[in-house]
Amino acid sequence: MSSPLDVLAEPIRRRILDLLLERPRLVGELTDELGLTQPGTSKHLRVLREAGLVTVRRDAQRRWYELRPEPLSELDAWLAPYRRLWAGRLYALEDHLDAMPDEDGEPCPKESP
């Protein structure tokens, strides 16, 4: 089984998760939204299902695909240090921009939150 990070390297699979974030969907809906063939969409859904990122619910002849957010917590944990790194840099940029003079040569006043 592939890890969620490996599986989500494919942009179409990320797009499927974006669509499923809105609501559960049928294969045909996903196929229409993605502009793929039904077999192509099913292939991506199988990979997502095997990675545990989606579940399928059968309703007679239809199959509803739903997002499973739990495996995404692994990615969230992996990304946490990178978010902290970027947050620190964004705060430094904000401080730098606030210290820059505005059009009249005065430093920009800090806005209150």
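One numbering rule holds for all chains: residues counted from 1, following each sequence as written. Predicted model: local features are reported for residues with pLDDT of at least 70 only, side-chain atom pairs are reported and counted for 80 or more only, and whole-chain, interface and lining totals are derived from all residues. Hydrogens and water are ignored here; the side-chain numbers use all heavy atoms of the structure.

A. Structural detail: helix α4 (residues 38-50). End to end, α4 covers 18 Å across 13 residues, agreeing with the expected 18 Å (1.5 Å per residue, within 8%). Every residue pair with non-hydrogen atoms within 4.5 Å of one another is taken to be in contact. Helix and strand definitions follow DSSP, with helices as H or I runs of at least four residues and strands as E runs of at least two, each counted in order from the N terminus. Looking at the buried residues of α4, the elements they touch are α1 (4-7), α2 (11-22), α3 (27-34), β2 (54-59) and β3 (62-67). Sitting at the amino-terminal end of α4 is Thr-37, which places a side-chain oxygen 3.1 Å from the backbone nitrogen of Gly-40. A positive phi of about 80° marks Gly-52, the residue just after α4. Here, expected helix span is obtained from the residue count minus one, scaled by 1.5 Å. Within 3.5 Å is the distance limit for a polar contact, defined as a pair of N or O atoms, with the added protein rule that one can donate a hydrogen and the other accept it, and that residues adjacent in sequence qualify only through two side-chain atoms.

B. Highlighting the sheet that holds β2. In this scheme, strands are said to pair when DSSP sees at least two bridges between them. In space, the three strands of this open sheet follow the order β1-β3-β2, with antiparallel pairing throughout. Looking at the sheet topology across the chains shown, the edges are occupied by β1 (25-26) and β2. Relative to β3, β2 runs antiparallel, the two sharing six bridges. Counted as the bridge partner of Val-54 is Leu-67 from β3. Running at roughly 95° to β3, α2 makes contact with β1, β2 and β3 of the sheet. Its contacts with the sheet put α4 on β2 and β3, and the angle it makes with β2 is roughly 115°. Here the axes come from fitting lines to C-alpha atoms, over the contacting stretch only for helices, and the angles between their N-to-C directions go from 0 to 180 degrees.

C. Representation of unusual backbone geometry. Phi angles above zero are rare outside glycine, and Ala-60 is one such case at about 60°. If you trace the backbone, Ala-60 turns up in the loop between β2 and β3. We classify Ala-60 as exposed; its relative accessible area is 73%. Burial status follows relative accessibility: with a 1.4 Å probe on protein chains alone, a residue under 20% of its type maximum counts as buried, one over 50% as exposed, and anything between as partly exposed.

D. Layout of the environment of Glu-74. For Glu-74, the position within the fold is in helix α5 (residues 72-99). Its relative accessible area of 46% is what places Glu-74 among the partly exposed residues. In the structure, Glu-74 is positioned 17 residues away from Tyr-91 in sequence and 26 Å away in space, judged by C-alpha atoms. Setting aside chain neighbours within four positions, we find Glu-74 in contact with Ser-3 and Pro-4.

E. Molecular detail of the environment of Val-7. One can find Val-7 in helix α1. Here Val-7 falls in the buried class, since its relative accessible area comes to 2%. Taking the C-alpha atoms as reference points, Val-7 and Leu-53, separated by 46 residues in sequence, lie 9.2 Å from one another.

F. Layout of α2. In this model, α2 (12 residues) spans 17 Å end to end at C-alpha, consistent with the 16 Å of a helix rising 1.5 Å per residue. Along α2, the residues classified as buried are Arg-13, Ile-16, Leu-17, Leu-19 and Leu-20. The buried residues of α2 occupy an angular sector of 160° when projected down its axis, which confines them to one face. Exposed positions of α2 whose direction lies more than 90 degrees from the buried face are Leu-21 and Glu-22. Packed against the buried residues of α2 are α1, β1, α3, α4, β2 and β3. In this context, the arc is that of the directions from the helix axis out to the C-beta atoms.

Purely spatial values, then, with no claim about function.
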